[in-house]
Amino acid sequence: MQRVAEVFKSMMSLGKSSSCSSCWDWLPHIHFPFVGYCTLWGTTTFEDYYCSSYKLVSVERERFYWCATCKVRLNREEAVSHWIMKHRVFRGAYVDPDIREELYEG
Amino acid sequence: MARRWLDYKTGAWVQWCPGCGDFGILNSIYGALAELDIDPTNLVVVGGIGCSSRSVYYIKGNNVHTIHGRAIPIASGIKLANPELTVIVTGGDGDLLGIGGGHFTALGRRNIDIAIFIYDNAVYGLTKGQAGPTLPLWARTKALAYPNIQGSVNPLLLAFAAGYTFIARGYAYHVNQLKGLVKAAIQHKGSAVVDILQPCPTYNDFMTQEWYEKRIYYLNEEDPTWDPVIRSPEDMKVKAPRILEKMLETGDRIPLGIFFQDLTKDTMEERLEKAMPGYLRTPPAKRPIDVKGRITLHPFKIFKDKLLET
Amino acid sequence: MTRLTIDLSIIIGGPQGGGVESAGQIALKVFTLKGYNIIGTREYHSNIMGAHSYFHIRASSDTPRALRLPVDSLVAIDAESVLTHVNDVAKGSIVVYDVGSINQDASTLAPMEHSLKKRLEKMFSERGARPTVGEAIKLLEERGARTLDLPLKELLRKVSEETGSPLASIARTVNIMGLSAALYALGVEFPYIVKAVEAQFGKRPKILAPNIAAARIAVEYTHEKYGARNPLPDGPHKGRVRMIVTGNEVVAMAKIVGGLTFESFYPITPSSDEAHYIEENKYLDVGDVFRDVGLDKLSIVTLQTEDEIAAIGMALGAALTGARASTTTSGPGFSLMNEFISMAVEAEIPIVISLWMRAGPSTGIATRTGQQDLLHAIFSGHGDTPKIVVASGDHVEAFYDAIKAMNWAEKFQIPVIHLLDKYLASTSVSLDEWDVDPSLVEIDRGKRVYGPVKDYKRYEITEDGVSPIAPLGFNTMIINSLEHDEYGFVSEDPIDREAMVLKRVRKVETISKSIPETEKALLHGDPDAKVTIVSFGSTKQAILSAMEELYREGVKVNFLQVRVLSPFPRDLVSKVLAGAEKIVGVEANATGQLSFLIRAHTGYSVGHVIQKLNARPLYDIDVVYGVKRIIESGVERVVVNSGS
Ligand SMILES: Cc1ncc(C[n+]2csc(CCOP(=O)(O)OP(=O)(O)O)c2C)c(N)n1
Ligand SMILES: [Zn+2]
């Protein structure tokens, strides 16, 4: 709790340009991408939060990405094309560890 | 008084061709059962469909003649529901490794205490000699218009990969040696398989008695120190390479005997007892389900996770 | 005294995995706690994560027989839910949505099915608009819905700040927010919501706290926006213990209390949850009940096999030893079981197969409902294969049928196929202790002989076709899937053969005689009505509900529910149909499978059919519409298609 409060204090709601929503360290929630998980602080943040460790997402590295617009995992080549189309591309997505409880047999 | 082999022979006319290796196998089974003194009323022989599967008529027991390829599921259900029964499966290479191959593999994973005897003649006897799953590539038997263009499966390696804890190979005409293998397989606690090489004089004119007898030899005769028994994970590491080497040996020399016996694994029945103590005392066949015909359990008394007080 | 009838329906939509299931369960609990009867179902894609799913519930002071459309409230906190259900909403209903989704356009929703996007495009272009959430909300408002725009992100931020909970539990509260807002707007008091959330998550404080906070924050917001609501009165079913249970679970329970000791299965929707519930309860503490026989725990062997062939095979093997055994599957798996159905008939082995029908053919739509396997069940197995096929109309019937099926299987030494479907499988209802009273059924294991029998004949020719059955392990004998003599020994002798064929079919008469008429078929409603609906299975409650509506509108129909479909209750059905002027079949298949059976057995043709083919549950409005169309126009076939 203590730690979380500190995190909130150190954050400010700023414009989109340099907020979590375009930060390398942020994983948007798989279903509700306005909220997400900051891998740096290890806590929940909202897309418009900001902190001094902000680092712009890029699709330069050879790895997998997540497009929150298309809700799909991308390889780098695909990520570049989604990025160009101004989709919301991230390093990954956040999935609840308990999601199994909400899933059905298919 | 100990039982004699004749105590297991039924009055049925044995319908196999003269010279069929099945006779040898049947005699080995009689002998093994007698030496183990198994009570026929406690014995279950399950057969699939094929010449060999007819063994169920020739052995005294509570036997089940099932359908093609499906002896193993029936046998598994029987053993798990009543672990006190001695359950063995008799079937052909086509039945057990062809159409029933999926069940054969699954049994290894379960290690249910069942002994499987593969009457392996490399052909489909009952349906007139088509290629069986163990017939070598390019072999051409009488019944085939062209040489076999499908490769063969190695039953021992398949069993090993699947997790069988007793794997042996025998030869149908060596009744005495085979009896020993059958006995050991039945005595083994866990899923056991004996692949029994068996000439089919009617359809397999390639793998004949002569063909086999030029090639076969016994592992423990060639190497008196041969020890296939695994008692620990270290044993497995040390012995597996040699065991696999012997399982792979084909062509001019075909080894017989016990290749592998793993004593480190629980049987399925033991696993069930661990999961549900008391299972062995009252397995599905014996567990009371009612009290004088009445159902005494009410869902509201036992499925409390679904209840809500309003 | 006039009692106020409350009857509320809600759809809660969202991406699969996004919390719809918890929200649905909480909704069921809220209304049960409030003293109402409930029914609720889940509808979802055959997909693991992200595709649209929804929970549809109905709560009523009466018995809600079936789901109702249109609904009184739509909880649609994602764009896909608003757009998917835009036509499922009644006038005056409450639609809860997320302000943040307002500009989302159907064309950009990745998981949405292509055809639905096209339909929405067309529908909205006729209004000169794009299919966006904003436009959908406008349309809903025009149609008289009251909309509630939740600023989801802001509310969620509050939850997060208040509880400091990790994302895992926060995101899941989204649906609870939407639901709580809707419930509050419908007049449910906040403490009931809390109680239901506690019942759902009570054992997990980490999840409970944020959910309670979310509910409160949503309720406060709704209160500010809408002001105080008229409280929803308590329903008539308060002050007792109730059970909320799905069809899958109620069948599992029936099997367990009915003495099942062995179930082997291969996972397949919509049957797996039945097997899983048995598995969860396979080692049951039963206290004193079996003390006399020295047992305080009951064990059931449940085993996942390599395929459906092995699933039924193992159950048959177990049955041979005397165990009460069953398996469970749906159409694709049942196809694989066919060869063993034949064997069970030939070798006379008792076996129960719970067949949960889903939309075929082939893999079809794995997670949706249908009634396409009736003839598959009846004609399963090659050769002459007499068997019992029984179809349950609802949860209570399914419970008793599952126990009876096990009795019948053992009594007649025959396969019994218990026909159920996806709709029943995933539909929850509230039940009372007396609804599922197993003491109403006795356990009957037929002509069972334990111990050695002199000159035992497993297939003894008897007048009723049923021979004494000895489990393996007492005698020597042969159980045979080949034709055999009385001892089970293989025989191709013409006299033996004929005697055995006749013996096996004689069981059909025996069965027909021993199952009471009322269990074979039931005529609901006015026997003198001119229009007779015939149907089977889970269409029952929607039809009964429709009949009430039709009655109010002055249309008199009755309904013949065929329960046992094999052996077919020919005389009973003929008698009813003889008096009908118009016969209307209701089936969720396109080939008129029940009509076919009726015609084949009775000679009566079912002149009109109402068919539901979109793989969604049958609703009462479907039946009302279909019957009226048929009466007005005399058409032969009406395809009804409500549901999203
Ligand atoms: C005859 C039949 N039985 C069962 C099923 C249900 N079913 C669908 S996929 C599946 C198993 C999937 O596991 P796997 O093959 O390992 O694929 P994965 O999803 O893990 O990639 C099952 C049991 C079916 N479709 N058909
Ligand atoms: Zn994209």
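Residues numbered from 1 in each chain as written. Chains lettered and ligands numbered in written order. Predicted model: local features only at pLDDT ≥ 70, side-chain atom pairs only at ≥ 80, totals over all residues. Heavy atoms only, no water.

### Here we look at the overall build of chain A
Put simply, the rule reads: A run of H or I in DSSP becomes a helix once it reaches four residues, and a run of E becomes a strand once it reaches two; helices and strands are each numbered from the N terminus. Here the term buried applies to any residue with accessible area under 20% of the maximum for its type, exposed to any over 50%, and partly exposed to those in between, with areas from a 1.4 Å probe on protein chains only. Residues count as neighbours in contact if any of their non-hydrogen atoms are within 4.5 Å of one another. Method for areas: the Shrake-Rupley scheme with a 1.4 Å probe, in which residue coverage is limited to the protein chains shown.
In terms of helices and strands, chain A carries 2 helices and 6 strands. Taken from the N to the C terminus, the helices and strands of chain A come in the order α-β-β-β-β-β-α-β. Of all 106 residues assigned to chain A, the portion counted as buried reaches 49%. Sequence-distant contacts, at least 24 apart, represent 56% of the contacts inside chain A between residues at least 6 apart. Just so you have it, chain A exposes about 5600 Å², and 55% of that area is on carbon and sulfur atoms.

### Let's talk about the interface of chain C and chain A
The condition is simple: Summed over both partners, the accessible area (1.4 Å probe) lost when two parts come together is defined as the buried area. The rule for a salt bridge is simple: a side-chain nitrogen of Lys or Arg has to be within 4 Å of a carboxyl oxygen of Asp or Glu. We define a polar contact as two N or O atoms separated by no more than 3.5 Å, with the added condition that, inside protein, one atom must be a possible hydrogen donor and the other a possible acceptor, whereas residues neighbouring each other in sequence contribute only through side-chain atom pairs.
Taken together, the contact between chain C and chain A spans 49 residues of the former and 32 residues of the latter. When chain C packs against chain A, the two sides together hide about 3100 Å² of surface, and 60% of this comes from carbon and sulfur. Where chain C touches chain A, the interface holds 4 salt bridges. Summed over the shared surface of chain C and chain A, the number is 13 residue pairs in polar contact (both at pLDDT 80 or more). Counting residues per element, the ones that place at least two in the side of chain C that touches chain A are helix 1 (20-33), strand 2 (37-44), strand 3 (52-60), helix 5 (152-163), helix 6 (167-171), helix 7 (173-185) and helix 11 (272-280) of chain C. Of the residues forming the side of chain C that touches chain A, the biggest block, 8 residues, is contributed by helix 5 of chain C.

### Notes on the site of ligand 1
All names here are of chain C. Note the threshold: Here a residue counts as near a molecule or strand whenever at least one of its heavy atoms sits within 4 Å of it. In this classification, the charged set is Asp, Glu, Lys and Arg, the nonpolar set is Ala, Val, Leu, Ile, Met, Phe, Trp, Tyr, Cys and Pro, and all remaining amino acids, among them Gly, are polar.
For ligand 1, the full set of nearby residues is Y266, P267, I268, E308, P332 and G333. In this structure, a nitrogen atom belonging to ligand 1 sits 2.5 Å away from a side-chain N or O atom of E308. Considered on its own, ligand 1 offers 590 Å² of accessible surface; in the complex 35% of this is hidden by protein. Tallied by class, residues from the shell around ligand 1 come to 4 nonpolar, 1 polar and 1 charged.

### With respect to the coordination of the zinc ion (ligand 2)
Ideal values for angles at a metal depend on the geometry: 109.5 degrees with four tetrahedral donors, 90 or 180 degrees with six octahedral donors. Residue and element names in this part refer to chain A. Counted only if it meets this: Each metal site lists N, O and S donors within 2.8 Å (3.2 Å for Na, K and Ca). With water left out of the atoms, a site can look as if it is missing ligands. A four-donor site is called tetrahedral if each angle lies between 85 and 135 degrees; a four-donor site is square planar, and a six-donor site octahedral, when trans pairs exceed 155 degrees and the remaining angles lie between 65 and 115; all other cases are labelled irregular.
The protein atoms donating to the zinc ion (ligand 2) are C67 (SG), C70 (SG), H82 (ND1) and H87 (ND1), with metal-donor distances spanning 2.0 to 2.3 Å. In this structure, the zinc ion (ligand 2) is surrounded by 4 donor atoms whose angles at the metal cover 98 to 116°, and the resulting shape is tetrahedral. Read from N- to C-terminus, the donor residues coordinating the zinc ion (ligand 2) fall into the pattern C-x2-C-x11-H-x4-H. Since its relative accessible area comes to 13%, H82 is described here as buried.

### Some points on a nonpolar patch on the surface
Condition: For patches, a residue must show more than 30% relative accessible area and have no salt bridge; joins then use 9 Å for like charges and 5 Å for nonpolar side chains, namely Val, Leu, Ile, Met, Phe, Trp and Tyr.
The grouping of V95 of chain A together with I48 and M49 of chain C at the surface amounts to a nonpolar patch, some 240 Å² of accessible area in total. A relative accessible area of 58% means that I48 of chain C is categorised as exposed.

### Here we look at the packing of helix 3 (residues 71-81) of chain B against helix 12 (residues 308-320) of chain C
Heads up, the condition is: Whenever a helix is involved, its axis is fitted only over the stretch in contact; in every case the axis is a line through C-alpha atoms, and angles between N-to-C directions fall within 0 to 180 degrees. Working rule for angles: under 35 degrees goes down as roughly parallel, over 145 as roughly antiparallel, 65 to 115 as roughly perpendicular, anything else as oblique. Each helix crossing is assigned a hand: it is left-handed if the near helix lies turned anticlockwise from the far helix by less than a right angle, otherwise right-handed if that turn is clockwise.
The contact between helix 3 of chain B and helix 12 of chain C brings their axes to 6 Å, and the two run at 45°. By the angle between their axes, helix 3 of chain B is oblique relative to helix 12 of chain C. Like other packed secondary-structure pairs, helix 3 of chain B and helix 12 of chain C cross with a definite hand, here right-handed. Along the contact surface, helix 3 of chain B presents P73, I74, S76, G77, I78 and A81 of chain B, while helix 12 of chain C presents A310, G313, M314, L316, G317, A318 and L320 of chain C.

### Details of helix 11 (residues 268-275) of chain B
What counts, and what does not: An arc is given here, and it is the one of the directions from the helix axis to the C-beta atoms.
Among the residues of helix 11 of chain B, those classed as buried are M268, E269 and L272 of chain B. Seen end-on, helix 11 of chain B carries its buried residues on one side only, within an arc spanning 100°. Where helix 11 of chain B is buried, its residues meet helix 3 and helix 5 (101-110) of chain B together with strand 11 (301-304) of chain C.

### Topic: the domain arrangement of chain C
Residues and elements named next belong to chain C. We apply this condition: All domain edges in this entry derive from an automatic or database-based domain assignment.
Here the domain parsing of chain C yields domain 1 (7-226), domain 2 (244-440), domain 3 (454-515) and domain 4 (519-640). The distance between the C-alpha centroids of domain 2 and domain 4 comes to 27 Å. The interface of domain 2 with domain 4 comprises 29 residues on the first partner and 24 residues on the second. When domain 2 packs against domain 4, the two sides together hide about 2200 Å² of surface, and 55% of this comes from carbon and sulfur. For the pair domain 2 and domain 4, the interface holds 5 salt bridges. One salt bridge connects R563 with D401, and the closest N-O pair in it is separated by 2.7 Å. The interface formed by domain 2 and domain 4 holds 19 residue pairs in polar contact (both at pLDDT 80 or more) in total. Of the residues belonging to the side of domain 2 that touches domain 4, the class tally is 15 nonpolar, 6 polar and 8 charged.

### Points about the confidence of the model for chain C
Spelled out, the test is: pLDDT runs from 0 to 100 and stands for how confident the predictor is about each residue.
Taken over all residues, the pLDDT of chain C has a mean of 95, while the share at 70 or more is 99%. Interface scoring of the predicted complex returns ipTM 0.98; its pTM is 0.96.

### Looking at the sheet that holds strand 5 (residues 72-74) of chain A
As a reminder of what qualifies: For two strands to be treated as a pair, DSSP must find at least two bridges joining them.
Taken in spatial order, the 3 strands line up as 5-4-6 (chain A) in an open sheet, and their pairing is antiparallel. The sheet is open, and its two borders are formed by strand 5 and strand 6 (89-90) of chain A, each paired with just one other strand.

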